[in-house]
Amino acid sequence: MRQTAKILRTTLEGLYDEPTVHPIYAHALRSAGTWQTVNTALKTDTWSWKDPAPAVDEASLGLKLSPGASLALQPPLLRGANGFSIQLRIREPGKPFAAGIRFDFSDKDARYRRLVVQDPGDVVLYEGDGKEEKRVRSQPLEARLGPGQWVDIGFIAEGDDLVCYLNQRPAFILRTPLAPDRLIGLWADTETNVRSIQVRK
């Protein structure tokens, strides 16, 4: 089904029932490949960051990201990676917030993408180049976030497709390839817990 859906997307776009095919395609992608769990301990062989340390390990609650936190997985852990998934919890959802995944970035240029959960309750994909940031696509959450509520977000790159997930279901699918050997990490503008961090290869 994965291959059939891919053929439909590449050759018959707009001529098939997208609400039916896209969830099947997205589920097939999540079920394929190998998902590797990342250790949440803030160690330099796993994560890179600029001082001061942007997070602390809170055991079962995962990493607690500080406001303005930005950290990246070390490149050896990303070799061959084509997907990433996390669970996050906003510490104070009653205040303005945005937190999630920063990806497709490099120390060599200013380009990046961010897949975040933000107030009042949306999952949003942004693209930036260091000069401006563009809101590419968004989808509302089923309900406003409550205290202690966890949300699962992630993405998979398959050929020219970028599939973004919300609670393990496809939020949106875009035709936009990802370059290899780019970095993936975490980002938050408010206190946020992140756990169940997984890399797909």
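In case you missed it, the structure is sitting above this.
Here the residue numbers are simple positions, counted from 1 along each chain's written sequence. With the structure being a predicted model, the display of local features is reserved for residues of pLDDT at least 70 and the display and counting of side-chain atom pairs for 80 or more, all residues being used for whole-chain, interface and lining totals. By convention in this description, side-chain values take in all heavy atoms of the structure and omit both hydrogens and water.

Caption draft 1: Representation of the nonpolar core. Judged by nonpolar contacts, the single largest core of 42 residues is most densely connected at L65, F84, I86, I153, L186 and I197. Note on terminology: a nonpolar core comprises buried Ala, Val, Leu, Ile, Met, Phe, Trp, Tyr and Cys residues joined through side-chain atoms within 4.5 Å. The buried label applies to any residue whose accessible area, calculated with a 1.4 Å probe on protein chains only, is under 20% of its type's maximum; exposed applies above 50%, and partly exposed to all values in between. Membership of the second largest hydrophobic core comes to seven residues, among which are Y25, L29, V163 and Y165.

Caption draft 2: Up close: the layout of surface pockets. Of the grid points, spaced at 1 Å and generated over the protein atoms alone, those admitting a 1.4 Å probe that cannot get out make up cavities, while open sets with protein on both sides within 12 Å along at least five of seven lines make up pockets; any residue with an atom within 4 Å of a point is treated as lining. Grid points are joined across faces, edges and corners, and a volume is the space filled by probe spheres set on the points. Size it by volume and the largest pocket reaches roughly 820 Å³. Every residue lining the largest pocket is counted, 39 residues in all, and those nearest its centre are L78, F105, R182, L183 and I184. Secondary structure counts use DSSP, requiring at least four H or I residues in a row for a helix and at least two E residues in a row for a strand, with both numbered from the N terminus. When contributions to the lining of the largest pocket are tallied by element, the ones reaching two or more residues are β5 (69-73), α3 (75-78), β7 (98-105), β11 (151-158) and β14 (183-188). When residues of the lining of the largest pocket are assigned to their parent elements, the largest contribution, five residues, is made by β5.

Caption draft 3: Inspection of the sheet that holds strand β10 (residues 133-140) at higher detail. Note on pairing: DSSP must find at least two bridges between two strands before they are called paired. Here we have seven strands laid out as an open sheet, ordered β2-β5-β14-β7-β8-β9-β10, and antiparallel in their pairing. For this open sheet the edge positions go to β2 (47-48) and β10, each flanked by a neighbour on one side alone. Pairing between β5 and β14: four bridges, direction antiparallel. Paired with L71 across the strands is L186, a residue of β14.

Caption draft 4: Just the pairing of strand β6 (residues 83-90), in detail. Of all eight residues making up β6, eight are buried, and the element is well covered by its neighbours. The side-chain alternation of β6 yields two buried faces, one formed by G83, S85, Q87 and R89 and the other by F84, I86, L88 and I90. Pairing of β6 with β11 involves six bridges; the strand directions are antiparallel. Of the residues in β11, the one forming a bridge with F84 is F155. Alignment of β6 against strand β15 (residues 192-200), held across seven bridges, turns out to be antiparallel.

Caption draft 5: Inspection of the side chain of Q87 at higher detail. Position of Q87 among the secondary structure elements: in strand β6. What qualifies as a polar contact is a pair of N or O atoms within 3.5 Å, subject to a donor-acceptor requirement within protein and to the restriction that residues adjacent in sequence count only when both atoms come from side chains. Polar side-chain contacts of Q87 include one of 2.8 Å to the side chain of R195. Contact partners of Q87, with chain neighbours within four places excluded, come to W150, V151, D152, N193, V194, R195 and S196. Contact between two residues is taken to exist if any of their heavy atoms lie within 4.5 Å; hydrogens are not considered.

Function cannot be read off these values alone, since they describe shape.
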